[in-house]
Amino acid sequence: FAGMPGGNLAMGPHTSNSYGILFDSMIRPLIPYAIQGAIWYQGCSNAHSVADSVKYERLMTDLIRDWRFRWGQGDFPFIQTCLAGFTTEFDYTDDCTWGPLRNSQRLSTQKNPNCGLASAVDVGEVLNIHPADKRTVGTRMALWALENTYHVPGVDGTSPEVKALFREAPGVLRLTFDHCANSLVAKNGKLTGFYVTDGDDYIPAAEAYLEGNSVVLKCPEKPMAHKVRYAWSQNPMGVLSLYNSAGLPATPFEIALS
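Within each chain, residues carry numbers counting from 1 in the order of the written sequence. Restriction of local features to residues with pLDDT of at least 70 applies here, the model being predicted, together with a cutoff of 80 or more for giving and counting side-chain atom pairs; totals for whole chains, interfaces and linings are based on all residues. Think of the side-chain values as coming from all heavy atoms in the structure, minus any hydrogens and water.

Chemist: Would you explain the nonpolar core in this entry?
Modeler: Here is a general trend for soluble globular proteins: nonpolar side chains tend to be buried in one another's company. With 29 residues, the main nonpolar core has Leu175, Phe194 and Val228 as its most contacted residues. Only DSSP runs of H or I with at least four residues qualify as helices, and only runs of E with at least two residues qualify as strands; both kinds are numbered from the N terminus onward. Elements with a contribution of two residues or more to this core: strand 4 (161-169), strand 5 (172-178), strand 6 (184-186), strand 7 (194-197), strand 10 (214-218), strand 11 (227-230) and strand 13 (253-256). The element contributing the most residues to this core is strand 5, with 3 residues. Here the nonpolar core consists of buried residues drawn from Ala, Val, Leu, Ile, Met, Phe, Trp, Tyr and Cys, with membership extended through side-chain atoms lying within 4.5 Å. Note on classification: 1.4 Å probe, protein chains only; a residue is buried when its accessible area is under 20% of the maximum for its type, exposed when over 50%, partly exposed between these limits. The next biggest cluster of nonpolar side chains, apart from the first, holds 20 residues, and it includes Ile31, Ala38, Leu63 and Trp98.

See the structure below:
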């Protein structure tokens, strides 16, 4: 993946990230063995452009399906990690590449059965692309497996997942969510990080609040808004505000009207 088009790595037989070399040297030798599941933490090197980040959805979908085909053990669990926040914190960056990359991770998880997405966005570091807090990420992966693979009673291991967007009235949008555990929670009592557009530019929602397992957005300046982005920057840690009662954060997303 690090050598996909749009990257800056050389290709050739002596370059470890060349097409096929990673698979042939690191994955193919394992295929004769049984597999219980896979965890995947990668994506930075595919975010050289917005177009590349959008393509990542297809790349991951193909990779997951290919591994499952080659192992021949059915739809074994596959858990991705949503990229950690990195570099200077920004509430919103319209042309950032990590927003669409994280959204591609989310979409590829949705499109494949028995796939999970554990967020590392809120445990990132401004100066370290590989943040030190691996315990939180590992714990979130384990919680997903305990709930969805081992079916341990009482475990809520899946992050809130945006389900649909509706316009309830001009300037009023509603986002519905799955996997809320007992309820959705606004960190520090306030929802932030929601941006809306009517097809022109994105602006912050004038008001955002919880109503059951929904988020209601008021945007009087854009009464015909039809698309929402949440936590859309390379490092949106300052506006990550939506969690479920199990303490798991919603991952960054982009969604249009149903």
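Chemist: Help me out: how do you make sense of the side chain of Ser233 in this one?
Modeler: With respect to the helices, strands and loops of the structure, Ser233 is situated in the loop between strand 11 and strand 12 (242-244). With a relative accessible area of 1%, Ser233 lands in the buried category. Contact definition: two residues touch when any of their heavy atoms are within 4.5 Å. Excluding its chain neighbours within four sequence positions, the residues that come into contact with Ser233 are Phe90, Tyr92, Thr93, Cys96 and Arg102.

Chemist: What should I look at first to understand the packing of helix 2 (residues 50-71) against helix 3 (residues 98-111) in this one?
Modeler: Working note: a packed helix pair is described by the angle between its axes plus the distance between those axes. Interhelical geometry of helix 2 versus helix 3 gives an angle of 25° and a closest axis separation of 8 Å. Considering their axes alone, helix 2 and helix 3 lie roughly parallel with respect to each other. The chirality of how helix 2 crosses helix 3 is right-handed. Where helix 2 abuts helix 3, its residues Val50, Ser53, Val54, Tyr56, Glu57, Met60, Thr61 and Arg65 lie against Pro100, Leu101, Ser104, Gln105, Leu107, Ser108 and Lys111. Along the lines of polarity and charge, the residues of the contact of helix 2 with helix 3 split into 7 nonpolar, 5 polar and 3 charged. Angular values range over 0 to 180 degrees, each being the angle between N-to-C directions of two axes fitted as lines to C-alpha atoms, with helices fitted over their stretch in contact. Our angle categories are set so that under 35 degrees counts as roughly parallel, over 145 as roughly antiparallel, 65 to 115 as roughly perpendicular, and the remainder as oblique. A clockwise turn of the near helix away from the far one marks a right-handed crossing, whereas an anticlockwise turn of less than a right angle marks a left-handed crossing. Throughout, the ten residues Ala, Val, Leu, Ile, Met, Phe, Trp, Tyr, Cys and Pro are labelled nonpolar, Asp, Glu, Lys and Arg are labelled charged, and all others, Gly among them, are labelled polar.

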